[in-house]
Amino acid sequence: MDELSVFAMFSAGALGAVAGRAGRSLLASRLVGVRSPRWCCEAGVGALWALVAARTATGALPVWWAPVPLLLGLAGVLLAVCDLIAARLPDVLTLPAYPVVLAAIGGAAVAVGEPAPLVAALLGALLFASCYALVRMLSPPALGPGDLKLSGSLGAAVGAVSVPAVPGCVLTSAVLTVLHACCARKRAVAHGPAMLLPAWLVTAFGPIPGGG
């Protein structure tokens with residue numbers, strides 16, 4: 001790794017820590033009311049942003065795509081912390097994710113000069129949300145309302161990379177949740193982190209269309 005990549009990685013990590021600190025303050029505010037452990041959000045967001053920056057600096061990720069895993073990394077850490085601590089995914093985080101994710105993917109579509117990423121994102125959102133809506137309808141205790149609200153924005157992010165990857169993320173999320181429940185020896189565990197992890201990995205490591 002050259003000096004530029006190292007500088008980009010540490011700079012992005014520092015900015016991510018600042019963003020994580022702001023996010024921790026949001027969680028502790030009256031809008032959410034969740035107090036997370038000190039440095040938890042800062043370390044999580046900082047690490048994810050540093051990794052995205054390193055991949056971008058080395059050419060593994062195109063610059064125009066980087067905002068998607070950066071935004072998903074920030075939101076993902078905050079949502080995972082909130083779900084693990086308070087067992088809920090607040091609307092103040094899940095609902096704004098839709099316009100933010102679509103705007104980032106729309107910017108990517110402009111950068112590549114074709115609407116394909118945005119069209120794929122809409123298909124992915126519909127597929128992910130449909131799967132979760134079906135599970136929610138058949139077995140309401142299996143998924144919380146926050147999980148359903150989050151599914152569409154995650155589907156958009158994953159779908160923009162690969163629509164076929166959406167069912168894979170759904171299945172992976174289910175497997176991770178079962179493993180979490182077995183390890184914790186509980187029947188009910190937070191499902192949000194299991195949704196967020198594979199979705200972020202796809203956006204950060206998946207084959208980005210037009211990425212060269």
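The structure under discussion appears in the preceding block.
As a starting point, this report considers the structure included with it. These numbers were taken from a predicted model, which means no experiment stands behind them.

### Brief notes about the layout of surface pockets
The computed volume of the largest pocket comes to approximately 630 Å³. Along the wall of the largest pocket there are 27 residues; nearest its centre are Ala142, Leu143, Asp147, Val189 and His191. Listing elements by their share of the lining of the largest pocket, those giving two or more residues are α6 (116-138), α7 (145-161) and α8 (165-184). Of all the elements, α8 adds the most residues to the lining of the largest pocket, at 5 residues. In this model, the second largest pocket occupies a volume close to 270 Å³.

### Describing α7
The α-helix advances 3.6 residues per turn, and as a result positions three or four apart in sequence lie on the same side. Taking 1.5 Å of rise per residue, 17 residues should cover 24 Å, and α7 covers 26 Å from first to last C-alpha, within 8% of that figure. At serine 151, α7 shows its largest kink, close to 30°. In terms of burial, α7 is largely enclosed, as 14 of its 17 residues are buried.

### A short note on unusual backbone geometry
For tryptophan 39, which is not glycine, the phi torsion reads 70° and is therefore positive. Among the structural elements, tryptophan 39 can be located in the loop between α1 (3-28) and α2 (40-57). Exposure remark for tryptophan 39: the relative accessible area of 54% places this residue in the exposed category. Of note, the phi angle at arginine 185 is positive, near 55°, even though the residue is not glycine. Classification of arginine 185 as exposed rests on a relative accessible area of 79%.

### A few points about empty space enclosed by the protein
Under the defined criterion, the tally for this structure stands at 1 cavity of 30 Å³ or more. Considering only enclosed or pocket space, the largest cavity measures out at about 40 Å³ in volume. Lining the largest cavity are Val68, Leu71, Leu72, Val101, Ala104 and Ala157. If you list the elements that add at least two residues to the lining of the largest cavity, you get α3 (67-86) and α5 (97-112). For the lining of the largest cavity, the element with the highest residue contribution is α3, accounting for 3 residues. Tallied by class, the residues present in the lining of the largest cavity amount to 6 nonpolar, no polar and no charged.

### A few points about the pattern of salt bridges
Going through the model one piece at a time under the given rule, you end up with 3 salt bridges. Residue lysine 149 is joined to aspartate 91 by a salt bridge in which the shortest nitrogen-to-oxygen separation is 2.8 Å. Of this pair, lysine 149 sits in helix α7 while aspartate 91 sits in helix α4 (residues 91-94), and the two are 58 residues apart along the sequence. Taken together, the salt bridges that share partners define one network made up of Arg21, Arg24 and Glu42.

### Re the packing of α1 against α2
Each pair of packed helices can be described by the angle between their axes along with the distance between the axes. In contact at an axis separation of 6 Å, α1 and α2 are set at 150° when each is read in the N-to-C sense. Put simply, α1 runs roughly antiparallel to α2. Crossing handedness for the pair α1 and α2: right-handed. Its residues assigned to classes, the contact of α1 with α2 comprises 14 nonpolar, 5 polar and 3 charged.

Parameters and conventions
- Residues numbered from 1 in each chain as written.
- Predicted model: local features only at pLDDT ≥ 70, side-chain atom pairs only at ≥ 80, totals over all residues.
- Heavy atoms only, no water.
- 1 Å grid on protein atoms, 1.4 Å probe; cavity = no way out; pocket = protein on both sides within 12 Å on 5 of 7 lines; lining within 4 Å.
- Points joined across faces, edges and corners; volume = space filled by probe spheres on them.
- Helix = DSSP H or I, 4+ residues; strand = E, 2+ residues; numbered from the N terminus.
- Expected span 1.5 Å × (residues − 1).
- Bend = angle between axes of the 7 residues up to and from the residue.
- Buried < 20%, exposed > 50% of the residue type's maximum accessible area, 1.4 Å probe, protein only.
- Nonpolar A, V, L, I, M, F, W, Y, C, P; charged D, E, K, R; others polar.
- Salt bridge = Lys/Arg side-chain N within 4 Å of Asp/Glu carboxyl O.
- Axes fitted to C-alpha atoms, helices over the stretch in contact; angles between N-to-C directions.
- Parallel < 35°, antiparallel > 145°, perpendicular 65-115°, else oblique.
- Left-handed = near helix turned anticlockwise from the far one by under 90°.

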